[in-house]
Amino acid sequence: DSDGFTLADWKMRQEMTETKVIMMLTFPHLKRKEELKGLGITAGVVKPVGPAELYRAILNALEIEKLPTKAADNASQYASRIPSHSLRLLVAEDTPFNQKFIMLLLERWKHQATLVENGRQVLDTLQNETFDLILMDVQMPEMDGLEATKVVREHELTTGAHIPII
């Protein structure tokens, strides 16, 4: 029952001053810059975050102005890589805006996606269909993403199968 702000506060109380934190925020949280700084949050990115924005936030958090050319070229190459074949994805997301955004993006990338709204629906869907990957929100009603992931992993122990969950 905690959020990123609670975790950052805990980190500060543990005196983990060398640990860098990049927080993914919704747009209204950007107004809380002083609070972010006070919690030791190095950088903030707005959801949904793109590869280039995340890359810049990481460089900023690590206080790196610019990577050597070869490393920067490799990083941008991997950040923009799109699979060459269509993937079957199970998307677990309960926020309507995020649902629309994710589904449009996956459609643009020519992936086949099935959308569910909570962890319980993930488990029900996995009983009848197979997927290459699950994109799992953490905070969802009925059953959250962490609990659903735990059940999926426990089931995999009996079947020997494995599905990546992000």
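Refer to the structure presented above.
Residues numbered from 1 in each chain as written. Predicted model: local features only at pLDDT ≥ 70, side-chain atom pairs only at ≥ 80, totals over all residues. Heavy atoms only, no water.

### Examining the overall build of the protein chain
Scanning the protein chain from N- to C-terminus turns up seven helices and five strands. Starting at the N terminus and ending at the C terminus, the protein chain contains elements arranged as α-β-α-β-α-α-β-α-β-α-β-α. Look at the contacts in the protein chain between residues 6 or more apart in sequence, and 51% of them connect residues 24 or more apart. Working note: accessible area of the protein chain is about 11,600 Å², and carbon and sulfur atoms make up 56% of it. (Helix = DSSP H or I, 4+ residues; strand = E, 2+ residues; numbered from the N terminus. Contact = heavy atoms within 4.5 Å. Areas by Shrake-Rupley, 256 points an atom, 1.4 Å probe, with all protein chains shown as cover.)

### Let's talk about the nonpolar core
Among the nonpolar cores identified, the biggest contains 13 residues, and Leu90, Ala92, Val116, Val122, Ile134, Met136 and Ile163 are the most heavily contacted of them. Looking at this core, the elements that each hand over two or more residues are strand E3 (88-92), helix H6 (119-126), strand E5 (133-136) and helix H7 (145-159). When near neighbours in sequence (up to four residues on either side) are disregarded, Ala92 contacts Val116, Val122, Leu135, Met136, Asp137 and Met140. Phe5, Met23, Leu36 and Ile41 belong to the second-largest nonpolar core, a separate cluster that totals eight residues. (Core = buried A, V, L, I, M, F, W, Y, C linked by side-chain atoms within 4.5 Å. Buried < 20%, exposed > 50% of the residue type's maximum accessible area, 1.4 Å probe, protein only.)

### Description of unusual backbone geometry
Within the chain, Lys110 stands out as a residue other than glycine whose phi angle is a positive 70°. Locating Lys110 in the fold gives a position in the loop between helix H5 (96-108) and strand E4 (112-116). We note that Glu142 has phi near 70°; this positive angle belongs to a residue other than glycine. Accessibility expressed as a relative area gives 65% for Glu142, which makes it exposed.

### A short note on H5
Since the α-helix turns once every 3.6 residues, residues separated by three or four places project in the same direction. The terminal C-alpha atoms of H5, which comprises 13 residues, lie 18 Å apart, in line with the 18 Å expected from a rise of 1.5 Å per residue. Directly after H5, the chain includes Lys110, whose backbone phi takes a positive value near 70°. (Expected span 1.5 Å × (residues − 1).)

### Remarks on the sheet that holds E3
Within the open sheet, the three strands sit side by side as E4-E3-E5. Their pairing is parallel. Where the open sheet ends on each side, the last strands, each with one partner, are E4 and E5. Direction aside, the axes of adjacent strands within the sheet are offset by 20° on average. Pairing analysis gives four bridges linking E3 to E5, with the strands arranged parallel. Residue Ala92 lies in a different strand from E5, and its bridge partner there is Met136. (Pairing = 2+ DSSP bridges. Axes fitted to C-alpha atoms, helices over the stretch in contact; angles between N-to-C directions.)

### As for the pattern of salt bridges
Considering all chains together, one arrives at two salt bridges under this definition. In this structure, Glu129 and Arg88 form a salt bridge, with 3.1 Å as the shortest nitrogen-oxygen distance. Here Glu129 is found in the loop between H6 and E5, whereas its partner Arg88 is found in strand E3, with 41 residues between them in sequence. Classification of Glu129 as partly exposed rests on a relative accessible area of 32%. We classify Arg88 as partly exposed; its relative accessible area is 29%. (Salt bridge = Lys/Arg side-chain N within 4 Å of Asp/Glu carboxyl O.)

### Considering a nonpolar patch on the surface
On the surface, a cluster of nonpolar side chains totalling about 300 Å² of accessible area is made up of Leu54, Ile58, Leu62 and Ile64. Mapped onto the elements of the fold, Leu62 is located in the loop between helix H3 (51-61) and helix H4 (69-79). Of the residues examined, Leu62 reaches a relative accessible area of 48% and is grouped as partly exposed. (Patch = residues over 30% accessible without salt bridge, like charges linked within 9 Å, V, L, I, M, F, W, Y side chains within 5 Å.)

### Remarks on the packing of aromatic side chains
Two aromatic rings, taken as a pair, are described by how far apart their centres are and by the angle between their planes. Taken as a whole and judged by the stated rule, the model has one aromatic pair. A centroid spacing of 6.4 Å and a plane angle of 15° characterise the contact between Phe97 and Phe101, whose relative ring orientation is stacked. In this pair, Phe97 and Phe101 both sit in helix H5, four residues apart, roughly one turn of the helix. Owing to a relative accessible area of 53%, Phe97 belongs among the exposed residues under this scheme. (Phe/Tyr/Trp six-rings, centres within 6.5 Å; stacked < 30°, edge-to-face > 60°.)

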